[in-house]
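Residues per chain are reported as follows:
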Amino acid sequence: MTATVFESPSFATAFPHPYAVVDVETSGLAPRRDRVLSLAVVHVAANGTVERRWSTLLNPGCDPGPVHIHGLTRDRLAGSPTFDLVFDSLSRLLDGRVFVAHHAVFDWQMLAAEAMRTGVRLPVEWRLCTRVLSRRLGLDLPNLKLATLADHWGVVQRKAHDAVDDAEVLAAVLPRVLELAAAQHLDLPLTHCAPPPDEAPQLTEAPLLPVAGGPATTKPRCPYVNPGPLTAGGPLVQGMRVTFTGDTVTPREELVEKSTAAGLAVTGAVSRRTSLLVANEIGSATTKTRAARQYGTTVVDEGTFLRLLATVSPGLRRG
């Protein structure tokens, strides 16, 4: 699969950047705990031309997690290199390029965490999230999943949740979103991702996923007592249980991090104890929105949630 080369593309002048389109498959969603299992990089020139492709499987040294999603079993990963052995190649591929991914904060954090475990830092200054950029384009689409964008532009996706195919698809979608951004005179939502050394998060205290048969790791418990449901017009209170569903403008991992830092308990499902559900498509018929209606759980959109998150009231600490 090759990205379309536009004739004298306006976006090449508006955004004269070389890009490294990246996708990772991981053992989980927590950079401090989980590991990268598969990694693909596609070099895309400023004019949308695909210049180079590179990919590798990785031996994470831990349980591979949701095999039913990514298909990367222990047997398949056996014999693959560890991250430290591919770092030099990866570093050369990323150096001097804008790091592009469809959930860029997640892919970046997972790779940055792997690098820090090795005692090094990736040579990337800027990242671009194509999901965030696509949201700004005002596309008339039901959601902003990569598969939906690919279908919109006629890009064939052969195997979702495969790092190589996802990176190829995104490399083909990238010129389209850049073209629309240039036509709308938008600035790219570039994010700086090279913090000073003293601001780098420490990963040494975080446990890795256990190997099969080993001791289980548990999610840290929220230190505040659940005060119950969010009331109409009321504030968020530390200890409230929040669940997310559907597409969001802010990457999901970032919303989870902000919520946890504010003292909220993030859960993966809606129950009678859930305080609120965040959903941009409030009328959607997802499992979580149906459960919210069943339990009478308050549902708010992302913008409302972020406004509430700015002023979270103190909660009662657990004894």
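Residues numbered from 1 in each chain as written. Predicted model: local features only at pLDDT ≥ 70, side-chain atom pairs only at ≥ 80, totals over all residues. Heavy atoms only, no water.

Asks: I'd like a description of the pattern of salt bridges, backed by residues and values.
Replies: Taken as a whole and judged by the stated rule, the model has six salt bridges. Ionic pairing is found between arginine 97 and glutamate 51, a salt bridge with its closest N-O pair at 2.9 Å. Residue arginine 97 is found in the loop between helix 4 (83-94) and strand 4 (98-101), and its partner glutamate 51 is found in strand 3 (residues 50-57); the two are separated by 46 residues along the sequence. Taken together, the shared-partner salt bridges in this structure form one network comprising Arg35, Glu114 and Arg117. (Salt bridge = Lys/Arg side-chain N within 4 Å of Asp/Glu carboxyl O. Helix = DSSP H or I, 4+ residues; strand = E, 2+ residues; numbered from the N terminus.)

Asks: Just give me the short version of the packing of aromatic side chains, but keep the residues and values in it.
Replies: With the rule as written, the count across this model stands at three aromatic pairs. Where phenylalanine 83 meets phenylalanine 87, the ring centres are 6.3 Å apart and the plane angle is 55 degrees; that geometry is what we call tilted. Here the residue phenylalanine 83 and the residue phenylalanine 87 both occupy positions in helix 4, the gap between them amounting to four residues, near one helical turn. Exposure class is identical for phenylalanine 83 and phenylalanine 87. Each is buried. Seen from their ring centres, phenylalanine 99 and tryptophan 108 are 5.7 Å apart, and the 80 degrees between their planes marks the pair as edge-to-face. No difference in accessibility class separates phenylalanine 99 from tryptophan 108, as the two residues are buried. (Phe/Tyr/Trp six-rings, centres within 6.5 Å; stacked < 30°, edge-to-face > 60°. Buried < 20%, exposed > 50% of the residue type's maximum accessible area, 1.4 Å probe, protein only.)

Asks: Tell me about helix 9 (residues 252-261), and name the residues and values.
Replies: Glu253, Leu255 and Ser259 are the residues of helix 9 that are buried. Around the axis of helix 9, the buried residues are gathered within 160 degrees of arc, so they sit on the same side. Among the structural elements, helix 5 (104-118), strand 7 (241-245), strand 8 (265-266) and helix 11 (302-309) are those in contact with the buried residues of helix 9. A positive backbone phi angle near 95 degrees is found at glycine 263, which sits one or two residues after helix 9. (Arc of directions from axis to C-beta. Contact = heavy atoms within 4.5 Å.)

Asks: So what's going on with the sheet that holds strand 2 (residues 36-44)? Residues and values would help.
Replies: In space, the six strands of this open sheet follow the order 3-2-1-4-5-6, with mixed pairing throughout. Here the strands that pair on one side only, and so sit at the sheet edges, are strand 3 and strand 6 (190-192). Strand-to-strand, the axes of this sheet are offset by a mean angle of 25 degrees, without reference to chain direction. Judged from the seven bridges that link them, strand 2 and strand 3 form a sheet pairing that is antiparallel. What sits directly across from serine 38, in strand 3, is leucine 57. The strands touched by helix 5 within the sheet are strand 1 (19-26), strand 2, strand 4 and strand 5 (126-129), with strand 1 carrying the most contacts at an inclination of about 75 degrees. (Pairing = 2+ DSSP bridges. Axes fitted to C-alpha atoms, helices over the stretch in contact; angles between N-to-C directions.)

Asks: Give me helix 8 (residues 163-183): which residues, what numbers.
Replies: The end-to-end C-alpha separation of helix 8 is 30 Å, in line with the 30 Å expected for 21 residues at 1.5 Å each. Helix geometry: helix 8 is bent most strongly at valine 173, by close to 30 degrees, with proline proline 175 lying one to four residues after it. Within helix 8, 17 of the 21 residues are buried, leaving the element largely enclosed by the surrounding structure. Between the side-chain oxygen at the start of helix 8 and the backbone nitrogen of valine 164 there is a gap of 3.2 Å, and the oxygen is on aspartate 162. Two residues or fewer after helix 8 comes histidine 185, characterised by a positive phi angle close to 55 degrees. (Expected span 1.5 Å × (residues − 1). Bend = angle between axes of the 7 residues up to and from the residue. Polar contact = N/O pair within 3.5 Å; in protein donor to acceptor, adjacent residues only side chain to side chain.)

Asks: Mind laying out the packing of helix 9 against helix 11, listing which residues take part and the relevant values?
Replies: Put simply, helix 9 and helix 11 touch, their axes get as near as 11 Å, and they point 30 degrees apart. Relative to helix 11, the element helix 9 lies roughly parallel. Handedness of the helix 9/helix 11 crossing: left-handed. For the pair helix 9 and helix 11, the contacting residues are Leu255, Lys258 and Ser259 in the first and Glu302, Phe305, Leu306 and Leu309 in the second. (Parallel < 35°, antiparallel > 145°, perpendicular 65-115°, else oblique. Left-handed = near helix turned anticlockwise from the far one by under 90°.)

Asks: How would you summarise the pairing of strand 7 if you had to cite specific residues and measurements?
Replies: Counting buried positions along strand 7 gives four out of five residues, so the element sits mostly inside the fold. For strand 7 and strand 8, the ladder comprises two bridges, and the chain directions are parallel. Looking across to strand 8, one finds that arginine 241 is bridged to alanine 265. Remark: the strand 7/helix 9/strand 8 crossover connection has right-handed handedness. (Right-handed = clockwise from strand over helix to strand, strands pointing away.)

Asks: Explain unusual backbone geometry to me, using residue names and the numbers behind them.
Replies: Note: most peptide bonds trans; most residues except glycine with negative phi. One non-glycine residue, histidine 161, lies in the positive phi region at around 65 degrees. Inspection of the secondary structure assignment puts histidine 161 in the loop between helix 7 (146-152) and helix 8. Phi at histidine 185 takes a positive value of approximately 55 degrees, unusual for a residue other than glycine. Here histidine 185 shows up in the loop between helix 8 and strand 6.

Asks: So what about the pairing of strand 5? Which residues, and what values?
Replies: Relative to strand 5, strand 4 runs parallel, the two being bridged by three bridges. Bridged to valine 100 within strand 5 is leucine 128. The parallel pair strand 4 and strand 5, bridged by helix 5, forms a crossover whose chirality is right-handed.

Asks: Could you give an account of the sheet that holds strand 7, with specific residues and numbers?
Replies: Read from one edge to the other, the open sheet built from four strands follows the order 8-7-9-10, with strand pairing classed as parallel. Bordering the open sheet on either side are strand 8 and strand 10 (298-300), each of which pairs with just one other strand. The pairing of strand 7 with strand 9 (residues 276-279) spans four bridges and is classified as parallel. Bridging from a neighbouring strand, threonine 243 pairs with leucine 277 of strand 9.

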